[in-house]
Structures are given as C-alpha cells and as structure tokens.
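Descriptive analysis of the structure
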Amino acid sequence: MIAGPYFVLTVLGVLGTGLVAGVFCAFSTFVMRGLAALPPAQGVAAMKAINVTALRPAFMLVFLGSAVLSTVLAVVTFVLLPDDGTVGLLLGSALYLVGSFGVTMVANVPRNEALMKLDPGTAEAAAYWPTYVREWTMWNHVRMIASGAAAVAYVLALA
C-alpha cells in the first residue's frame, strides 16, 4: 500500500483531478447549454467574461496544481517504482496531463483566444458562436472524462 508523503501526494491528486472533473462536468452538462440558448451576442459576451474569470487564482491553482501533482506522481513513480499502485499512478498522471491539461492547451485555449478577439455584437461573432459552442463542448467532454478517469485511477492506486 502507498504510504507516507507519497500517499498524501496521491490523495491530493485525487482531490485536484476530481475537482477539475467537476468543473468540466458543470460546463458540459449545463453551462454551455445555457450559454448556447442565449442570443449569440449575449452568449459570446458571457463566455468571454467566464474565460477572463477562469484565469483567476482559485481555478488556476486547482487546474495547474493538478498538472504539477500529476507530473510529480509520474516522476516519483518512475524513480521509486513502488510495488503498489504503479499502473494506477502512471495511468492517472497520463490521463490528466494529456486528456485534461494537454487538450485544454491544444483545443480549448485556441478557441477561447479566437472568441476573445471578437466583438459580441458582430456578424462574425454570431457566425462563429455555434461552431465555438459545438467544438469547445466536444473537447470539454474529453477533458471531463479524462480528469474523472485520472481521479479514479489515483483512487485505485491507493487501494
């Protein structure tokens, strides 16, 4: 069984990846649907405001902190090769780093940056909005599943 500081790191990994999965789940299940139901100008304006507030310390600490914890857990697992939990720890780290953090950087952030350049009341914004909602939400589903699966893998590593 995993013990000591390694146990604490793994529990923090469970907590962080689980919290991120919860945030992404909220967006996938009702936030984006609510925004999509608004007229495009209002949806674009609301999402732009959300994107600004998402960069504040509360969420960034959990999101980036989970990436750091996942990296530390993977590195320590490779260095120490613990008898218990190796597969779960490496799988959890890979799921979060690739499926959550990586997808955010290559799929969601570029869409957010494109949206930020648009004036909500323009025809260009109205034309982009349905594509943005569809694609951003699809990639958010991936992030949600990957973050949740990472939390489960970490929990299984503790068992």
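One can find the structure itself at the top, above this paragraph.
In what follows, the accompanying structure is described. Owing to the predicted nature of the structure, the values given are computational and were not obtained by experimental measurement.

Secondary structure assignment for the chain yields five helices and zero strands. Of the regular secondary structure in the chain, the N- to C-terminal order runs α-α-α-α-α. Across the chain, the fraction of contacts at a sequence separation of at least 24, relative to all contacts at a separation of at least 6, is 81%. Each charge class in the chain was averaged separately, 7 positive and 6 negative side chains, and the resulting centres sit 10 Å apart.

Ranked by size, the top nonpolar core spans twelve residues in total: F27, M32, L35, V44, M47, L115, L118, A125, W129, Y132, V133 and W136. Elements with a minimum of two residues in this core: α1 (4-37), α2 (40-54) and α5 (123-158). If you tally residues by element for this core, the top one is α5, at five residues. The contacts of M47, once residues within four sequence positions are left out, are F27, M32, L35, N112, L115, W129, Y132 and W136. Of all hydrophobic cores here, the second largest spans eight residues; its members include I2, V14, L73 and Y154.

Bringing the environment of W136 into the picture now. Position of W136 relative to the elements: it lies in helix α5. Placed 25 residues apart in sequence, W136 and R111 show a C-alpha to C-alpha distance of 6.9 Å. Not counting chain neighbours up to four residues away, the residues in contact with W136 comprise F27, M32, M47, N108, R111, N112 and R143.

Take the packing of helix α3 (residues 57-80) against helix α4 (residues 86-116) next. When two helices pack together, their arrangement is given by the angle between the helix axes and the distance between those axes. Interhelical geometry of α3 versus α4 gives an angle of 145° and a closest axis separation of 9 Å. Relative to α4, α3 is oriented so that their crossing is left-handed. Where α3 approaches α4, its residues V62, F63, L64, S66, A67, S70, T71, L73, A74, T77 and F78 are matched on the opposing element by T86, L89, L90, S93, Y96, L97, S100, F101, T104 and M105. Each residue belonging to the contact of α3 with α4 can be placed in one class, and the counts come to 13 nonpolar, eight polar and no charged.

The next point concerns the packing of α1 against α4. At a minimum axis distance of 12 Å, the contact between α1 and α4 shows a crossing angle of 35°. In this structure, α1 crosses over α4, and the sense of that crossing is left-handed. In this structure, α1 uses Y6, T10, T17, V20 and F24 to contact α4, whose residues at the interface are L89, Y96, S100 and T104.

Once that is clear, we can look at the environment of T86. Here T86 lies in helix α4. Separated by 68 residues in sequence, T86 and Y154 place their C-alpha atoms 9.8 Å apart. Setting aside chain neighbours within four positions, we find T86 in contact with T77 and L81.

Parameters at a glance
Residues numbered from 1 in each chain as written. Predicted model: local features only at pLDDT ≥ 70, side-chain atom pairs only at ≥ 80, totals over all residues. Heavy atoms only, no water. Helix = DSSP H or I, 4+ residues; strand = E, 2+ residues; numbered from the N terminus. Contact = heavy atoms within 4.5 Å. Lys, Arg positive; Asp, Glu negative; His and termini not counted. Charge placed at Lys NZ, Arg CZ, Asp CG, Glu CD. Core = buried A, V, L, I, M, F, W, Y, C linked by side-chain atoms within 4.5 Å. Buried < 20%, exposed > 50% of the residue type's maximum accessible area, 1.4 Å probe, protein only. Axes fitted to C-alpha atoms, helices over the stretch in contact; angles between N-to-C directions. Left-handed = near helix turned anticlockwise from the far one by under 90°. Nonpolar A, V, L, I, M, F, W, Y, C, P; charged D, E, K, R; others polar.

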